[in-house]
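Residues per chain, in single letters:
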Amino acid sequence: MSNTIELLNITKDYGKSIPVKVLKDISIKFEKGSLNAIIGQSGSGKSTLLNIMGLLDKPTSGSIYLDGKKINDFNNKHQSRLRNENIGFIFQFHYLLPEWNVWENILMPLRIRKDNITDKMKDRAKMIMEAVGITDIAKEKIQEISGGQQQRTAIARALITNPKIILADEPTGNLDSINSDAVYNLIKSLNEEFNTTFIIITHDERLAKKTNRIIELEDGIIKSDTLL
Amino acid sequence: MFTLKIAFRFIFSKKSQSLLILIGFAIGIAVNIFVGSIIRGVESNLINTTIGASPHITITPIENQTYIEGWEDILNVINKNKDLKVVLPVLEERVFITNINPESPDDVIIRGMELDKGNEIYNYYDSDRFYGNPPNSINEVIIGKELAIDLEVNISDTITLQKNPNSEEQGTNLIISGIFDLGVSGLNSIWLLSEFNIANQILNTSSQINGIYIQVNDIFLADVIADEIELTLNNQNIMITNWKKENTQLLTALNAQEQSSSIIQFFVLMSVVIAIASVLSITVIQKSKQIGILKAMGLTNQMSARVFLFQGLLYSFFGTLLGLALGSILVELFNRYSNVPFQSTLHGDLIIITTIAAILFSVIASLIPAKNSSKMEIIDIIRNY
């Protein structure tokens, strides 16, 4: 199976006078269509690694390849386009835009790319909304829906551009166990249905076991990498 | 354009804040328009009072000559100039009224001219200030109010005019058909106006003139036009002067007034523009989470900057519209209810300049918050969410 994203000798230091090494020479590949979990203690470098993969943060050294192309040297504009077309994000806090309703939030990445929303795009949005179970709240304001619904909306938004990878940082960290299970089951089914690569950060081993691969980070290095 | 839609949505998401900015901006623009209009009103009132009913350019013979030689040719050249409103050839000279006080004849100035055209400059037929009828060109004249009082004459009375009271020649009898009031007693007590041929007859001249009085369309260009005429005519036997040369103090005062009002208007405008810039800077911070999320989804730094430039543009555009409406109302109310002796006038160029300056400066001021938003790093925003 081909690799979607590959990290090579990634390091990340914070601070100038007393640098703290958060990531220490990490090299890892993720296969297309795989469902991966990254676990580790708080401060192990999980989120930093995810942010670097998503081009939200810059590595101190090392390379990031997407479909074989080195992407961390791209200029800002190019990286923005690349994020828009290839990467979806799901965060612990839903990160939805309160000025827009559920439907508008889901379509947002498409609007950033192209102002006109075609019927085909709308159909895809409806299909994804149905898949994540939020069809009936399309016109609701973000503040007026439940935490579970907000996270489902965020998942739908991440999927709308049909990205190659979805990066999720503690996507259930703010949900109760019932909603957490539901979201994980949803992610698993979407991974199977859309063949999208998912890389999920969690500190909940029980949920991590629902994926196909668990990578454990400790003090900025990969402690273990287990296929399930 | 999606960034414009984001700008709109950001503005509408903070309705009361946006409304306050808009009102603040509108008040600034309204004050600007109001002050500008008042100053213009004062200015035009001053100018009208001082030079409105008088010639803007005067052509007279040089000192050692009595009449303008070849004046018909001069008129032909001058009349081709499109900047002139009225061109009035005049024959004026001191004459004596010999029949009222034969012992000591009263001296007056007779002005012979085409009276209807002269009225376009001096406005002596104004119905509020003119009594009687315009004179015919056979044997009638009109005289100033003070002169009528001094001579104790009235409409229909006859006066005898003579160029030289000591000469043996018989004077010319003329009937007073009307009495005018120019609002200047110096002129009212000495002027006697007649058609051109009557003055020629009394002064024994054959179609001579000793003055050409001109009003121009734009009085502030009187000096330029006068120079132009002088250059075109290239005549050593005439002198050309204009109101600006003779009213330097008034011009200095007007300039000072205009400059001070421009400074006031500029600072009022600057204060609203700075207000917009500071409010937008706060908005960038208020909306930093949204900017971070949008950037994570692919919004470029340029698009992010454009969102705030558009906000500056929208605030200034709608603020200016509101301000213009408010300013017009203020000007209207001022004209209706104030007791000052002038009308403030809303000029198109003031509206256009204010609108362009307000919008342009606001967009320029929005560059700072726009730059700040474009420089925002997604990772910093996400970490601090």
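A quick note: this is a predicted structure, and the numbers were derived from the prediction, not measured.

### Notes on a negative patch on the surface
All names here are of chain B.
In step 1: Together, Asp-83, Asp-218, Asp-227, Glu-228 and Glu-230 make up a negatively charged patch on the protein surface.
In step 2: Of note, Asp-218 is situated in the loop between strand S9 (211–216) and helix H8 (222–233).
In step 3: A relative accessible area of 36% places Asp-218 in the partly exposed class.

### Description of the nonpolar core
In step 1: If you look at the biggest cluster of nonpolar residues, it comprises 72 residues, and the most contacted ones within it are Ile-38, Met-53 and Ile-199 of chain A together with Leu-294 of chain B.
In step 2: The residues contacting Met-53 of chain A, other than those within four sequence positions of it, are Ile-5, Leu-7, Phe-30, Ile-38, Ile-87, Leu-167 and Ile-199 of chain A.
In step 3: Leu-84, Val-153, Leu-203 and Ile-225 of chain B belong to the second-largest nonpolar core, a separate cluster that totals 50 residues.

### A closer look at the packing of aromatic side chains
Residue and element names in this part refer to chain B.
In step 1: One pass over the full model with this rule turns up 17 aromatic pairs over all chains.
In step 2: When the centroid spacing of 6.1 Å and the interplanar angle of 15° are considered together, the rings of Phe-8 and Phe-12 count as stacked. Of this pair, Phe-8 and Phe-12 are both found in helix H1 (residues 2–13), four residues apart, which corresponds to roughly one turn of the helix.
In step 3: Judged by relative accessible area, Phe-12 falls into the partly exposed class, the value being 49%.
In step 4: Summarising the aromatic geometry, the rings of Phe-10 and Phe-308 are spaced 6.4 Å apart at their centres and angled 45° between planes, so their arrangement reads as tilted. One end of the pair, Phe-10, is in helix H1; the other, Phe-308, is in helix H12 (residues 301–337), with 298 residues separating them in the sequence. Neither residue differs from the other here; Phe-10 and Phe-308 are each classed as buried.
In step 5: Feature note: the residues Tyr-122, Tyr-124, Tyr-125, Phe-130, Phe-180 and Trp-191 constitute an aromatic cluster, connected by ring pairs.

### A short note on the interface of chain B and chain A
In step 1: Contact with chain B, which involves 26 residues of that partner, is made by 26 residues of chain A.
In step 2: Where chain B abuts chain A, roughly 2,300 Å² becomes buried across the two surfaces, and 62% of that area is made up of carbon and sulfur atoms.
In step 3: There are two salt bridges connecting chain B and chain A.
In step 4: The salt bridge partner of Glu-104 of chain A is Arg-9 of chain B, with a shortest N-O separation of 3.0 Å.
In step 5: The interface formed by chain B and chain A contains seven residue pairs in polar contact (both at pLDDT 80 or more).
In step 6: Broken down by secondary-structure element, the contributors of at least two residues to the side of chain B that touches chain A are H1, helix H11 (288–296), H12 and helix H14 (378–383) of chain B.

### Structural notes on the sheet that holds strand S6 (residues 87–90) of chain A
Residues and elements named next belong to chain A.
In step 1: The strand order across the open sheet built from six strands is S6-S7-S8-S3-S9-S10, with neighbouring strands paired in mixed fashion. The open sheet has two edge strands, S6 and strand S10 (221–227), and neither has a second partner. Across the sheet, the mean angle separating the axes of adjacent strands is 15° when strand polarity is ignored.
In step 2: Bridging between strand S3 (residues 35–40) and strand S8 (residues 197–201) involves four bridges; their strand directions are parallel. The partner of Leu-35 across the bridge, within S8, is Phe-198.
In step 3: Most of the contacts of helix H2 (residues 76–86) go to S6, to which it runs at about 75°, and overall it touches S6 and strand S7 (165–169).

### Remarks on the pairing of strand S6 (residues 158–162) of chain B
Residue and element names in this part refer to chain B.
In step 1: Summarising burial for S6: four of the five residues are buried, a large majority.
In step 2: Here two bridges tie strand S2 (residues 84–97) to S6, and the two strands are oriented antiparallel to one another. Bridging from a neighbouring strand, Ile-97 pairs with Leu-161 of S6.
In step 3: Pairing of S6 with strand S7 (residues 172–180) involves four bridges; the strand directions are antiparallel. Residue pairing in the sheet places Thr-158 in a bridge with Ile-175 of S7.

The rules behind these values
- Residues numbered from 1 in each chain as written.
- Chains lettered and ligands numbered in written order.
- Predicted model: local features only at pLDDT ≥ 70, side-chain atom pairs only at ≥ 80, totals over all residues.
- Heavy atoms only, no water.
- Patch = residues over 30% accessible without salt bridge, like charges linked within 9 Å, V, L, I, M, F, W, Y side chains within 5 Å.
- Areas by Shrake-Rupley, 256 points an atom, 1.4 Å probe, with all protein chains shown as cover.
- Salt bridge = Lys/Arg side-chain N within 4 Å of Asp/Glu carboxyl O.
- Lys, Arg positive; Asp, Glu negative; His and termini not counted.
- Charge placed at Lys NZ, Arg CZ, Asp CG, Glu CD.
- Helix = DSSP H or I, 4+ residues; strand = E, 2+ residues; numbered from the N terminus.
- Buried < 20%, exposed > 50% of the residue type's maximum accessible area, 1.4 Å probe, protein only.
- Core = buried A, V, L, I, M, F, W, Y, C linked by side-chain atoms within 4.5 Å.
- Contact = heavy atoms within 4.5 Å.
- Phe/Tyr/Trp six-rings, centres within 6.5 Å; stacked < 30°, edge-to-face > 60°.
- Buried area = accessible area lost by both parts, 1.4 Å probe.
- Polar contact = N/O pair within 3.5 Å; in protein donor to acceptor, adjacent residues only side chain to side chain.
- Pairing = 2+ DSSP bridges.
- Axes fitted to C-alpha atoms, helices over the stretch in contact; angles between N-to-C directions.

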